[in-house]
Amino acid sequence: MKDARAEVSTFADSRVLILKQGEPQACSLVVFGITGDLARRKLVPAIYNLARDAALPEPFPVIGVGRAEQSPDQLRDLLRKSVEEFSRTQPVDRGTWDHVAASIDYVHGDFSGPDLYEQLRSRIEEVGAQHGIDGRTLFYCATPAGLFPTILDGLEKARLLRPVTGEKGSLWPRVLVEKPFGRDLASSVELNDRVARVLDESQTFRVDHYLGKETVQNILVFRFGNAIFEPIWNQKYIDHVQITAAETLGIGRRGHFYDETGVIRDVIQNHLLQVLALCAMEPPTSFDADAIRDEKTKVFRSLRRIVGEDVTRRVVFGQYEGYREEENVDPDSRTPTYAALEVMIDNWRWQGVPFYVRAGKRLCEKVTEVAIHFKPIPFCLFGGQDTCPLVPRNVLVLRIDPDEGIALDITTKLPADDLWVGGVEMSFSYERAFEQSPRGAYERLLLDCMRGDQMLFARRDGIELEWEFVTPIVEAWENGSEPVLVYKPGSPGPDEAGRLTGRHGCHWKGFRDAARTRSD
Ligand code: BG6
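Report follows, based on the coordinates. (Residues numbered from 1 in each chain as written. Predicted model: local features only at pLDDT ≥ 70, side-chain atom pairs only at ≥ 80, totals over all residues. Heavy atoms only, no water.)

A look at the overall build of the protein
The following threshold applies: Note on conventions: DSSP H or I runs of at least 4 residues are helices, E runs of at least 2 residues are strands, and numbering of each starts at the N terminus. It is over C-alpha atoms that the radius of gyration is taken, and the globule rule equals 2.2 Å times the number of residues to the power 0.38. Each residue gets one of three labels from its accessible area relative to the maximum for its type: buried under 20%, exposed over 50%, partly exposed in between, using a 1.4 Å probe on protein chains only. Residue contacts are defined here by distance: any two heavy atoms, one from each residue, within 4.5 Å place the two residues in contact. His is not counted, nor are the chain ends, whereas Lys and Arg count as positive and Asp and Glu as negative. Taken as the charge location is NZ of Lys, CZ of Arg, CG of Asp or CD of Glu.
Helix and strand content of the protein: 14 helices and 18 strands. For a compact globule of 520 residues, the expected C-alpha radius of gyration is about 24 Å, and the protein comes in at 24 Å, within 12% of that figure. Oriented by its inertia axes, the alpha-carbon framework of the protein measures out at about 80 × 60 × 40 Å. By residue count, 53% of the 520 residues in the protein fall in the buried class. Across the protein, contacts joining residues at least 24 apart in sequence account for 76% of those joining residues at least 6 apart. Within the protein, the 79 negative side-chain charges are centred at a point lying 1 Å from the centre of the 65 positive side-chain charges.

Shown next as structure tokens:
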């Protein structure tokens, strides 16, 4: 039955424009850490792709900030190479890049000294006056998270954070900051307090790039744009949910960062809990940033806490073989590179439905997806009660990456005289259906920030509740003495993870054949 797959068609005449996004407001972009990994791999290629689609306001001045002493031309040269390597669209259009490059400037210096910010201020004022965008600045902190408070101090002292009112009363400047936002509950509250002293919440854009992914946004349209799923989206029909973020890559050259962070802080506290909340939340009262974030917050509040001995029962940690020999990793490190959790949501909709969440590095496959496993049929018409468990169950897979799309496993009769039944997959792929790959997450997030739309950014209360949930888990692991479970690179992770699903009588969805939705 492996290749049984039904295709769905898209209906061009069923397209409806429901909501027209506002225009991004003209502004200048300041990128702290312009020569770092994030800026080179994601941000600058995103700017290039937006320019290529004529989606940016014109002009769009970019001021890179870094420590390295180099000329703006040297920087532009470095960034061109990054765009050539990492751009979502290839080949890079030279004319578009030259246009983008001409608006990139560079300021360098010590992030903790006042000189850098004074230089920056005069540069921002110059560009602002030249293009009539005075005060409308986006500050993107693409530096290691620890530098964020230093940058805020510098900006504040240089009077670069004085509020200016833009379109429809929205406030500028705006600050974009990357996760991890804090490293536990106490530090995230402290950081949020620090931010709140100088910026309004509407000026604070906490980036979780998963929220910018087209397929993550589609979870809402899928749930609330189709009448057939919402009535069965609850404990009565859903047996359990699996959320997976598996990577084949290891930690690369990020040993120092990763060894202090680990998989829970790196992807579970933010990306996967956000995805979980979108799948589990109640219908919001409107399609508006706060209405949606209110509902997500309620899910975070309903997460059953995992504390004390429960951590060993409901969480499995692993570390890939060879991790301790990676560059800048402590040779005795216990930092987990894999974790699997059984998450319960205490509310009417989800009582008794486990959400299994797992993430890991150096696994056998790169796949990010949500798999909704439905309950078995209640009665088997074709063969009596004992055949019920043999009938394949329905599984709905929301594939986030790669091959973004949706697949539904259904049971069908097989062509034969005897009554054979089997599962087939109805599958929809973004790329095949629309013949284009979706916009990159950073492109979407940059545009939304220019529009002042915070729907795809994490709000303060959400972040703190996420930390409230994960902090006892990471602390129990860090203060505990459980031996580290080592798994082989290229494997599905530690076998021990099967203990979590086994208790509920189910299995982790197999990795080997990611296109299929069936449970193994
Ligand atoms: C980042 C993590 O936030 O997300 C990385 O810091 C991880 O460790 C990455 O590799 C995964 O993102 P994506 O978009 O490749 O799934």
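Okay, back to it.
Regarding the nonpolar core
Buried together is how nonpolar side chains tend to be arranged in soluble globular proteins. What counts, and what does not: Working definition of a nonpolar core: buried Ala, Val, Leu, Ile, Met, Phe, Trp, Tyr and Cys residues. They are joined through side-chain atoms within 4.5 Å.
Among the nonpolar cores identified, the biggest contains 149 residues, and Phe32, Leu120, Tyr140, Leu341, Phe355 and Leu396 are the most heavily contacted of them. By residue number, the principal contributor to this core is helix H8 (residues 255-280), which donates 13 residues. Ignoring any residue separated from it by four or fewer positions in sequence, one finds Leu396 in contact with Phe222, Phe229, Trp233, Val370, Ala371, Ile372, Phe374, Ile406, Ala407 and Leu408.

Brief notes about the pairing of strand S9 (residues 204-207)
As a reminder of what qualifies: In this analysis, strands are considered paired if DSSP registers two or more bridges between them. Looking down the strands as they point away from the viewer, one classifies a crossover as right-handed if the path from the first strand across the helix to the second runs clockwise.
Residues Thr204 and Arg206 of S9 are buried on one face, and the alternating residues Phe205 and Val207, pointing to the opposite face, are buried as well. Relative to S9, strand S8 (residues 174-178) runs parallel, the two sharing four bridges. Counterpart to Leu176 in the pairing with S9 is Phe205. The handedness of the S8 to S9 crossover, carried by helix H6 (residues 185-198), is right-handed.

With respect to the sheet that holds S9
What counts, and what does not: Interaxial angles span 0 to 180 degrees and are taken between N-to-C directions of axes, which are lines fitted to C-alpha atoms, for helices over the stretch in contact.
In spatial order, the strands read S4-S3-S2-S5-S8-S9; together these six strands make up an open sheet with parallel pairing. Looking at strand neighbours, the two that pair on one side only are strand S4 (104-108) and S9, the edges of this open sheet. Geometrically, the sheet is characterised by an average inter-axis angle of 20° between neighbouring strands, direction not taken into account. The sheet strands contacting helix H5 (residues 148-157) are strand S2 (28-32), strand S5 (137-141) and S8, and the helix crosses S5 at an angle near 150°.

Examining the site of the ligand
Rules: Whether a residue is near a molecule or strand depends on its heavy atoms: if one lies within 4 Å, it is near. Two N or O atoms count as a polar contact when they lie within 3.5 Å, although within protein this holds only if one can serve as hydrogen donor and the other as acceptor, and sequence-adjacent residues are included solely when both atoms are side-chain atoms.
Taken together, Lys179, His209, Tyr210, Lys213, Glu247, Arg254, Asp266, His271, Lys361 and Lys366 are the residues near the ligand. At a separation of 2.6 Å, an oxygen atom of the ligand approaches a polar side-chain atom of Lys213. The side chain of Arg254 places a nitrogen or oxygen atom 2.5 Å from an oxygen atom of the ligand.

Overview of the environment of Asn479
With respect to the helices, strands and loops of the structure, Asn479 is situated in helix H13 (residues 460-479). Classification of Asn479 by relative accessible area gives exposed; the value is 67%. In the structure, Asn479 is positioned 148 residues away from Pro331 in sequence and 18 Å away in space, judged by C-alpha atoms.

With respect to H13
This is how the line gets drawn: By definition here, a helix of n residues has an expected span of 1.5 Å times n minus one.
With 20 residues, H13 extends 27 Å between its outermost C-alpha atoms, agreeing within 8% with the 28 Å of an ideal straight helix rising 1.5 Å per residue. For H13, the complete set of buried residues consists of Gly462, Ile463, Glu464, Leu465, Glu466, Trp467, Phe469, Val470, Thr471, Ile473, Val474 and Trp477.

Topic: the packing of aromatic side chains
Test applied: A pair of aromatic rings is counted whenever rings of Phe, Tyr or Trp (Trp by its six-membered ring) have centres within 6.5 Å, and the orientation is called stacked for planes under 30 degrees apart, edge-to-face for over 60 and tilted otherwise. Cation placement over rings: the criterion is NZ of Lys or CZ of Arg within 6 Å of the ring centroid and within 35° of the ring normal.
Counted by the stated rule, this structure contains 17 aromatic pairs. Relative to Phe355, the ring of Trp350 has its centre 5.1 Å away and its plane inclined at 85°; by these criteria the two rings are edge-to-face. Relative accessible area serves as the criterion here: at 0%, Phe355 is assigned to the buried category. Judged by centre distance (5.7 Å) and plane angle (70°), the ring pair of Tyr430 and Phe434 falls under edge-to-face. In this pair, Tyr430 and Phe434 are both assigned in helix H11 (residues 430-434), four residues apart and thus about one turn of the helix distant. Note on Phe434: relative accessible area 35%, which makes it partly exposed. In this structure an aromatic cluster arises from ring pairing among Tyr258, Tyr320, Tyr323, Tyr338 and Tyr487. Above the face of the Phe181 ring, Arg206 is positioned so that its terminal group lies 5.0 Å from the ring centre. Above the plane of the ring of Tyr320 lies Arg362, whose end atom (NZ or CZ) is 5.7 Å from the centre.

Quick look at a nonpolar patch on the surface
Heads up, the condition is: Patch membership requires more than 30% relative accessible area and the absence of a salt bridge. Residues of like charge join within 9 Å; the nonpolar side chains Val, Leu, Ile, Met, Phe, Trp and Tyr join within 5 Å. For the area figures, the Shrake-Rupley method with a 1.4 Å probe applies, and any residue is considered shielded solely by the protein chains shown. Any carboxyl oxygen of Asp or Glu within 4 Å of a side-chain nitrogen of Lys or Arg constitutes a salt bridge here.
Residues Phe379, Leu381, Phe382 and Leu419 make up a contiguous nonpolar surface patch of about 490 Å² in total accessible area. Take Leu419: it is sitting in the loop between strand S16 (405-413) and strand S17 (421-429).

Overview of the pattern of salt bridges
Under the criterion given, the structure shown has 45 salt bridges. A salt bridge links Arg80 to Glu84; its shortest N-O distance comes to 3.3 Å. With Arg80 and Glu84 both in helix H2 (residues 72-86) and four residues apart, the pair spans about one turn of that helix. Looking at Arg80, the relative accessible area reads 17%, which means it is buried.

Some points on the side chain of Ser170
Along the polypeptide, Ser170 turns up in the loop between strand S6 (164-165) and strand S7 (171-172). Here the side chain of Ser170 touches Arg174 through a polar contact of 2.9 Å, side chain to side chain. Ignoring anything within four residues of it in the chain, the contact list for Ser170 reads Gln25, Val164 and Thr165.

What about the pairing of S2?
Extensive coverage of S2 is indicated by the burial of five of its five residues. With burial as the criterion, each face of S2 is covered, one bearing Ser28, Val30 and Phe32 and the other bearing Leu29 and Val31. With five bridges joining them, S2 and S5 adopt parallel strand pairing. Paired with Phe32 across the strands is Cys141, a residue of S5. Here S2 runs beside strand S3 (residues 62-66); their pairing, made up of four bridges, is parallel. Residue Val30 lies in a different strand from S3, and its bridge partner there is Ile63. Of the crossover connections in this fold, the one passing from S2 over helix H1 (residues 37-52) to the parallel S3 is right-handed.

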